[in-house]
Amino acid sequence: MTPVEARAPQVDALRLLRECPDECAYVTLTPRQAMVGAMLLLASAVLLLAWPLKLLLVLNAAAILFYTVHSLYKFYLVWIAMGRKVELGVTPEELAALQDAGLPTYTILVPLYHEAQVLGQLVAGLQRLDYPAHKLDIQLLVEEDDQETIAAAGALKLEKPFRLVVVPDSQPKTKPKACNYGLYLSHSDLLVIYDAEDQPEPDQLQKAAAAFLKVPEDVICLQAKLNYFNQRQNLLTKWFTAEYSVWFDLFLPGLTATRAPIPLGGTSNHFRTEKLKELNGWDPFNVTEDCDLGVRLAKRGYATAVVDSTTWEEASSSLWGWIRQRSRWAKGYMQTWLVHMRRPWRLLRQLGLRDFCSFQLFIGGTVFCYLVNPIYWLLTLVWLLWRWQVIAAVFAPAWVYGFGALCLLLGNFVFVYLMVAGCMKRGYYDLAKWSVLTPVYWVLMSIGGWKAAFQLLSRPHYWEKTTHGLAAPP
Amino acid sequence: MSDTQGRGASWEGWLAFLAALVAYLALAWRAVRVIGRVDWEALASTARAYDAAHATGSINLPLIGFADPPLPVLLQVPLVYLNKAWATEGLAAGLVSALAGALTVAVLWKLLREVGVGAAATWLLLVLFAASPVWLAACTTGSQMALVGLFAAMAGLAASRWERDRSLRDLVILALAASAAPMAAFAASALPLAAVLVVLLLLGRGRRPAGEVEGTLVTLLLPMAYVVGLWLFTSWIILGDPLYFAHHIPRPGVAWRLTMVEFALCVALLACLWLALVPRLPRPLVGLLCVLLLGTIVAAGTSTEPGQPRLAHGYGFLRSTVGAGDARTVGSIAKLALASTGGKRVLADGPVDFAVRLLSGQPQAFVRAGELRRALAAGHQPLGVVSYVLSEGPGPSAEVRALLAGHRLVPIWRHDGWALYEIRPVR
């Protein structure tokens, strides 16, 4: 019979809200942010009436400049990652030397919500982990109202180290809130979080444990690489796989090499447990709690490294499912940016100028591109078809035109080429040619981004649940 | 040669770069400001960059020029935008070629050291290369061959490293360098073809799986395809003709063929260097390829029109570049440039200020009276610089003749509807 943890009302899953409310996304916009936003809108409206062309020109120039710097920064990160191996590798000798007695205890958190369908394959994947059972604490975190998954877990008749933790029904009903329950029930040295459909490499825990011994003490998090086991299911999963390959094999290693804040992936994050508790766990109100946590730990002077181990996930193969998932990620990035920009000067002091800029370019820049790209696509199309002079006027300064042309003609190509490079880095040689169609994928990203922008205002804490089990696991 | 990655201290590479840069910049300055020698192609590219950046009204994209590859012009646009004097003093092109030339020297240093050439031999080869008349002329006159050389050297280094490590970054650098070269000079189209050939040879030698071959070729060919597509697209968007460059090449003739021979010879020399330095290719095959390549080019270059001396064409460029420091040979360069371009691509429309010693008197006069007189006065100093007027049709316009009152125009050369006149004082 699966051990079931009784409801633990003493577990404070909302500790971040109580301890550091100004770092919690419970409030989307602070009064100060709302006031600044309103003033900017008002000023823009006045300027638009008084000097429309000048305003558009200034906005255009600022956007072009941001695009240029954002693109150059990402190219720089990829350049670093391609030039040398940045990920933490662990040799077979180092693994062999990690004696059983010396292995740390490990908690595995697996938040589940309506995942009865994939529970079996999840458990099978976790049972394949090459780690002593007596050192493990595998918590299946299930919501109280999810009787289907609770019943499925009971039917599996799991023994230790598995235990079912029933999360009391409360708001917000989010993955990070559930994870916080598991965190404060954990007494292990290390902790990792996996999603329901995850298939981690069997030696990942050992690799992470060995890697933690090699890194400085301020490295409190190791991010494993994520990729998809259904890469070739359809065109969408091919694009998604290429994107993930770029993200985890090129961008994140580049960020690691420069010790910049890393937006964590939502799974396969390995932590030193006590340090995670010190950070008050995850933000239960942020729908990309992983990205937020990566920034918070950087603000406290901690660092993240990428470990050379892969967790295989299921790429969303349904278009609408993909858009919903992407909109949640975009909304979470917006939340993260707004939360940490509540006190920009403090953020600057905490991160330092270089990492502050990295935060703006990487996290802010992602949101910016999602939202602003369609505007420039439309401008380009209108110009090609009708040659409106207003468009020529806002590109009139030669440097604006020059940088804009560079972003359009060279920048876009390089981003497409990065997708090819990501596939090549991963060894997915046959996927490289599909990356040529990446601009279509960008349109989907922007659809997700705009959906997120509207939802940020209407339902900021709503969690767009991703459906799993549409593809057969390997 | 042994494979040793990164052999040699990085300060040596920096030394090679800085020494070459200082030398090329100084010589470029001297060529333009002291000797008064300019390269017509470079002058044209600077003029186009100037007009594209500063012409009144909106951006004059057509003035970038689409009959020639755009890269030499585009690289000068930010320079002349920031400082007009670099255009009016004729220095912008030399700045770009000097920088490209110095970078080439540094890349070649890296390549030679990585393939195991000893330090002394490396420096000897570098000095011979950097100081050779052909390369010196290219780097000090704003010639696009400096850019081609840089891309060829980068491609050679990347190919050598990729052959050893199969690193993705080196494959990407090879692809990008080979793609960019034809945008500096059309004759450098041999470089992407050579890159594909080398990669196919090395993949076939390693018997790589079909999927890996496919992915590698996509990585290599995508930038090349994009550059070609972009060139056609921008030609179409800006000028309405995607094949503008093909429709506006001067009527082929001896002089045009001579220019193509020059460029092809330089590219072939660099290609041979690259082939020779890629390890594991059989030496006899490399030697045979080099002989065939160079022999074909030289034979083509020495073909002549009836009545022309055989050697005059194949090695004419060497004669002119060896005399780079001699003011009296400036005329031969003008003739060469005149012949090779037909004068048609020398000048851009619109007001361009230039104070140069080689003048042009096109129907749209672009030189101000004061500059012309100053240039003439400077030209008649004991330095012995000769001044010319280049004119289309029946001769210099009335305006130019008025400016040249007190001088006589002596016809020197006529080609394809253009005439070159030497300006001599009336004694």
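Refer to the structure presented above.
Residues numbered from 1 in each chain as written. Chains lettered and ligands numbered in written order. Predicted model: local features only at pLDDT ≥ 70, side-chain atom pairs only at ≥ 80, totals over all residues. Heavy atoms only, no water.

Novice: Would you mind showing me how to read the overall build of chain A here?
Specialist: Looking only at helices and strands, chain A has 16 helices and 9 strands in total. Against the compact-globule benchmark of 23 Å for 474 residues, chain A has a radius of gyration of 23 Å, which places it among compact chains. Across its three principal axes, chain A shows a C-alpha extent of roughly 75 × 50 × 40 Å. Across the 474 residues in chain A, those meeting the buried criterion constitute 60%. In chain A, the share of contacts with a sequence separation of at least 24, taken over all contacts with a separation of at least 6, comes to 84%. Of the roughly 19,400 Å² of accessible surface on chain A, a fraction of 66% belongs to carbon and sulfur atoms. Across chain A, the 44 positively charged side chains and the 41 negatively charged ones have centroids separated by 7 Å. (Helix = DSSP H or I, 4+ residues; strand = E, 2+ residues; numbered from the N terminus. Rg over C-alpha atoms; globule rule 2.2 N^0.38 Å. Buried < 20%, exposed > 50% of the residue type's maximum accessible area, 1.4 Å probe, protein only. Contact = heavy atoms within 4.5 Å. Areas by Shrake-Rupley, 256 points an atom, 1.4 Å probe, with all protein chains shown as cover. Lys, Arg positive; Asp, Glu negative; His and termini not counted. Charge placed at Lys NZ, Arg CZ, Asp CG, Glu CD.)

Novice: Is there a simple way to explain unusual backbone geometry in this structure?
Specialist: Both trends apply: most residues other than glycine have a negative phi, and most peptide bonds are in trans. In this chain, lysine 160 of chain A is followed by proline 161 of chain A through a cis amide linkage whose omega measures 10 degrees. For proline 161 of chain A, the position within the fold is in the loop between helix H6 (147–156) and strand S4 (162–167). Here the residue pair glutamine 171 of chain A and proline 172 of chain A is connected by a cis peptide bond, since its omega of -5 degrees sits within 30 degrees of zero. By the element assignment, proline 172 of chain A lies in the loop between S4 and helix H7 (175–185). For arginine 166 of chain B, which is not glycine, the phi torsion reads 55 degrees and is therefore positive. Mapped onto the fold, arginine 166 of chain B is located in the loop between helix H8 (145–165) and helix H9 (168–180).

Novice: Which parts of the structure should I look at to understand the environment of tryptophan 11 of chain B?
Specialist: One can find tryptophan 11 of chain B in helix H1 (residues 10–34). Considering only alpha carbons, one finds tryptophan 11 of chain B and alanine 271 of chain B, 260 residues apart in sequence, at a separation of 27 Å.

Novice: Looking at this model, I keep getting lost on the pattern of salt bridges. Mind explaining?
Specialist: Here the structure, examined in full by the defined rule, presents 32 salt bridges over all chains. Measuring nitrogen to oxygen at the nearest pair gives 3.8 Å for the salt bridge that ties lysine 207 of chain A to aspartate 203 of chain A. Assessed through its relative accessible area of 14%, lysine 207 of chain A is described here as buried. With a relative accessible area of 23%, aspartate 203 of chain A lands in the partly exposed category. Its salt-bridge partner being arginine 164 of chain B, residue glutamate 114 of chain B comes within 3.5 Å of it at the nearest N-O pair. (Salt bridge = Lys/Arg side-chain N within 4 Å of Asp/Glu carboxyl O.)

Novice: What am I meant to see in the side chain of serine 358 of chain A here?
Specialist: Residue and element names in this part refer to chain A. The residue serine 358 is located in helix H13 (residues 344–386) in this model. For serine 358, a relative accessible area of 2% gives the class buried. Here tyrosine 73 takes part through its side chain, which lies 2.7 Å from a polar atom of the side chain of serine 358. Among residues more than four places away in sequence, those in contact with serine 358 are Tyr73, Leu255, Ala260, Pro261 and Ile363. (Polar contact = N/O pair within 3.5 Å; in protein donor to acceptor, adjacent residues only side chain to side chain.)

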